[in-house]
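A structural walkthrough
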Amino acid sequence: MNVSLILRVTIALVLGVIVGLVGGQTVANWLAPFGDLLLRLLQFLIVPIVLFTLMVGINQASQGSMGRIGRKVFLYYVGTSALAITVGLVVATLFSPGSGMTLDESAEVSVPDNPGFVQALLNVVPDNIVSAFAELNLLGIIFTAIVFGVALLKLRNSESQAALGEHLYRMVEGLKEVTLKVMSGVLQYVPIGVFAIVAETVGEQGVATLLSLGDMVMVLYIALGVQLLIYCGLMGLFGVKLGAFFREARTPMATAFATQSSSGTLPLTLEAARRLGLSQGVYGFSLPLGATMNMDGAAIRIAISAVFAANVVGAPLDFMSMLQIVLIGTLVSIGTAGVPGAGIIMIATVFSQVGLPIETVALLTAIDALVGMGCTALNVTGDLVGTSIIARSEGENLTDSTETPATDSGAAG
């Protein structure tokens, strides 16, 4: 229990790969419930931690600063999404994944309906608060938290009801602290769940699947690495200490890699931001929103999938097609966020717009888990990078995690 969480998670990842390769499908099926339990525990925390953290964060900032932070968050998310797609296109063009492969025209893939950008915006406002919470509609939960958080802030600043507003704020703050206590207990189970999920994934996918589309996987991870280097450069420009950042970010990154869920990893991402010393007024707003709207890993996946599909059918992309992919892909990655099957919707929508065959999506489903792991880890990293940069632009100083007591490090990673 006194060993740091990241060390336990790293050991779990390695053991999961070994057990998955040795045990295969049989062991994967046996371990599946342990992985499902981790996902359930993390999802169990999403509603209270997003609701209470965001409400407290809004009440720790002025109304003017919230508007300023909101603009910075939006510009960062749109800008890095466009940049990620560009990185993916450049890297994929250099390595040409899919060249020499042939398309199996009998392959079929089921693509969920694209709700459209306007409908996705309308879905931000839930028609029923209870159903938004029950269905884990994260954008709906964020909207609810913002509305009630701002109302609480106005209540606290009113002349006639300031005392009532202060009592309500203390209650919400107490509920947030209780949620963090519950999360500290859930963290102890994370290594077990990660071990089970990785073993299950490797056992089901096997080495054969990886080798059959190895070029695609390799190119994607190279592009993810390039984007990570860009993050490091951006953080360096804003004075974010990389050592301190990655010491706290590595636990949510590793968990996101194993679980393939940005939303499910959100409790750990919020905890990492807290331990970095960021204010709740920044991370309480940017991280929940980023978990649904900022998908740099998915954006890279769109770009590389497009180049892969074009090479498979023998029709390399020209400059105008690439520019179209950047523009459409940026909008699609934001507009379909939080929708079930979002990854397939994004790729299929872009393919249809630039004239690539939808059938090639079927080839990519074989490596969906292997690709999704890296993309999700980058999604979560991008959220934390953006939050740290925005916090620095607001004049905040990040805490050096080396000053954190050892006992605290062992409990919270």
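Residues numbered from 1 in each chain as written. Predicted model: local features only at pLDDT ≥ 70, side-chain atom pairs only at ≥ 80, totals over all residues. Heavy atoms only, no water.

**Structural notes on the overall build of the chain**
Heads up, the condition is: Each helix is a run of H or I in the DSSP string that is no shorter than four residues. Each strand is a run of E no shorter than two, and both are numbered from the N terminus. Burial here depends on accessible area, computed with a 1.4 Å probe over protein chains only, as a share of the maximum for the residue type. Under 20% is buried, over 50% is exposed, and the range in between is partly exposed. Using a 1.4 Å probe, the Shrake-Rupley method yields the accessible areas, and only the shown protein chains count as cover for residues.
When its secondary structure is counted, the chain shows 17 helices and 0 strands. Burial statistics for the chain: of 413 residues in total, 54% are counted as buried. Surface exposure of the chain reaches about 17,500 Å², of which carbon and sulfur atoms provide 65%.

**Thoughts on the packing of helix α8 (residues 214-237) against helix α9 (residues 242-259)**
For clarity, the cut-off: Orientation is described by axes fitted as lines to C-alpha atoms, over the contacting stretch for helices, and by angles from 0 to 180 degrees between their N-to-C directions. Angular relationships are summarised with four words: roughly parallel below 35 degrees, roughly antiparallel beyond 145, roughly perpendicular across 65 to 115, and oblique for the angles in between. For any pair of crossing helices, the crossing counts as left-handed if the nearer helix is rotated counterclockwise from the farther one by less than a right angle, and right-handed if it is rotated clockwise. The contact criterion used throughout is that any non-hydrogen atoms of two residues lie within 4.5 Å. For this classification, Asp, Glu, Lys and Arg are treated as charged, while Ala, Val, Leu, Ile, Met, Phe, Trp, Tyr, Cys and Pro are nonpolar and the rest, including Gly, are polar.
One way to put it is that α8 packs onto α9 with a least axis distance of 13 Å and a crossing angle of 150°. With respect to α9, the element α8 is oriented roughly antiparallel. Here α8 runs over α9; the crossing is right-handed. Residue-level contacts link Y221, L228, C232 and M235 of α8 to L242, F245, F246 and F257 of α9. Among the residues making up the contact of α8 with α9, the classes are represented as 8 nonpolar, no polar and no charged.

**Here's the deal with the pattern of salt bridges**
Selection criterion: Put simply, a salt bridge is a Lys or Arg side-chain nitrogen that is within 4 Å of an Asp or Glu carboxyl oxygen.
Summed over all chains, the structure comprises 8 salt bridges. Among the salt bridges present, the one from R156 reaches E166, with a minimum N-O distance of 3.2 Å. With a gap of 10 residues between them, R156 in helix α5 (residues 138-157) and E166 in helix α6 (residues 162-187) connect regions that are remote in the sequence. Classification of E166 by relative accessible area gives partly exposed; the value is 27%. K176 is the partner of E177 in a salt bridge, and the nearest nitrogen-oxygen pair spans 3.1 Å. Judged by relative accessible area, which is 6%, K176 ranks as buried.

**Considerations on α6**
Keep this limit in mind: For a helix, the expected span equals 1.5 Å multiplied by the residue count minus one.
Its 26 residues give α6 an end-to-end C-alpha distance of 37 Å, which sits within 8% of 38 Å, the value for a rise of 1.5 Å per residue. Within α6, the full set of buried residues consists of G165, Y169, V172, E173, K176, T179, L180, M183, V186 and L187.

**Focus on the packing of helix α1 (residues 5-59) against α6**
Contact geometry of α1 with α6 gives a least axis separation of 7 Å together with a crossing angle of 170°. Here α6 runs roughly antiparallel to α1, going by the angle between their axes. For the pair formed by α1 and α6, the contact residues are L5, L41, L42, F44, L45, P48, I49, F52, T53, M55, V56 and N59 on the first element and Y169, V172, E173, L175, K176, T179, L180, V182, M183, V186 and L187 on the second. Among the residues making up the contact of α1 with α6, the classes are represented as 18 nonpolar, 3 polar and 2 charged.

**Examining the side chain of T259**
Threshold: Under this definition, polar contacts are N or O atom pairs within 3.5 Å; protein pairs additionally need one hydrogen-donor-capable and one acceptor-capable atom, and for neighbouring residues in sequence, both atoms have to be side-chain atoms.
Structurally, T259 can be placed in helix α9. One polar contact links the side chain of T259 to the main-chain carbonyl oxygen of T255, over a distance of 2.8 Å.

**Details of the nonpolar core**
Heads up, the rule is: Throughout this description, the term nonpolar core refers to a set of buried Ala, Val, Leu, Ile, Met, Phe, Trp, Tyr and Cys residues connected via side-chain atoms within 4.5 Å.
L89 and V194 are the most contacted members of the largest nonpolar core, which has 108 residues in total. Per element, the largest residue contribution to this core is 18 residues, and it comes from α1. With residues near it in sequence (within four places) discarded, V194 still touches V9, A12, L13, L38 and A258.

**Re the environment of Y221**
Position of Y221 relative to the elements: it lies in helix α8. Considered as a pair, Y221 and R301 are 80 residues apart in the sequence and their alpha carbons are 9.7 Å apart. Excluding its chain neighbours within four sequence positions, the residues that come into contact with Y221 are F257, L370, M373 and G374. Among the polar contacts made by the side chain of Y221, one reaches the main-chain amide nitrogen of G374 at a distance of 3.2 Å.

**As for α9**
What counts here: A residue's bend is the angle separating two fitted axes: one through the seven residues that end there, the other through the seven that start there.
Taking 1.5 Å as the rise per residue, α9 with 18 residues should run 26 Å; its terminal C-alpha atoms sit 25 Å apart, in good agreement. The largest bend along α9 reaches roughly 40° and is located at A249, with the proline P252 sitting one to four residues downstream. Just past α9, the residue Q260 takes up positive phi, approximately 60°.

**A few points about a nonpolar patch on the surface**
Where we set the bar: Residues with no salt bridge and a relative accessible area higher than 30% make up the patches, which join like charges within 9 Å and nonpolar side chains (Val, Leu, Ile, Met, Phe, Trp, Tyr) within 5 Å.
Together, V3, L7, I11, V14, L15, V17, I18, L21 and V22 give the surface a local cluster of nonpolar side chains, amounting to about 770 Å² of exposed area. Classification of V22 by relative accessible area gives exposed; the value is 72%.

**Some thoughts on the packing of aromatic side chains**
The following threshold applies: Two aromatic rings from Phe, Tyr or Trp, using only the six-membered ring of Trp, form a pair when their centres are within 6.5 Å; if the ring planes differ by under 30 degrees the pair is stacked, by over 60 it is edge-to-face, and anything between is tilted.
Scanning all chains against the criterion turns up 3 aromatic pairs. Arranged with centres 5.1 Å apart and planes meeting at 90°, the rings of F245 and F246 form a pair that is edge-to-face. The buried category is assigned to F245, whose relative accessible area is 0%. Judged by relative accessible area, F246 falls into the partly exposed class, the value being 22%.

**With respect to the environment of M216**
Topologically, M216 is positioned in helix α8. Look at M216 and you get buried, because its relative accessible area is 2%. Residues M216 and L364, spaced 148 residues apart in sequence, show a C-alpha to C-alpha distance of 8.8 Å.

**Some remarks on unusual backbone geometry**
In this structure, S96 is a non-glycine residue whose phi angle is positive, near 50°. Within the fold, S96 resides in the loop between α2 (63-95) and α3 (117-122).

**With respect to the environment of G239**
Structurally, the position occupied by G239 is in the loop between α8 and α9. Once the C-alpha coordinates of G239 and S393 are considered, the two residues, 154 residues apart in sequence, prove to be 9.6 Å apart.

**With respect to the confidence of the model for the chain**
Regions with low pLDDT carry predicted coordinates that are not meant to be interpreted in detail. Note the threshold: Note: pLDDT gives the predictor's confidence per residue, expressed from 0 to 100.
The share of residues in the chain with pLDDT of 70 or more is 81%, and the mean pLDDT across the chain is 80. Segment residues 106-112: pLDDT under 50, and 15 contacts once partners within four positions in sequence are set aside and those in other chains are kept.

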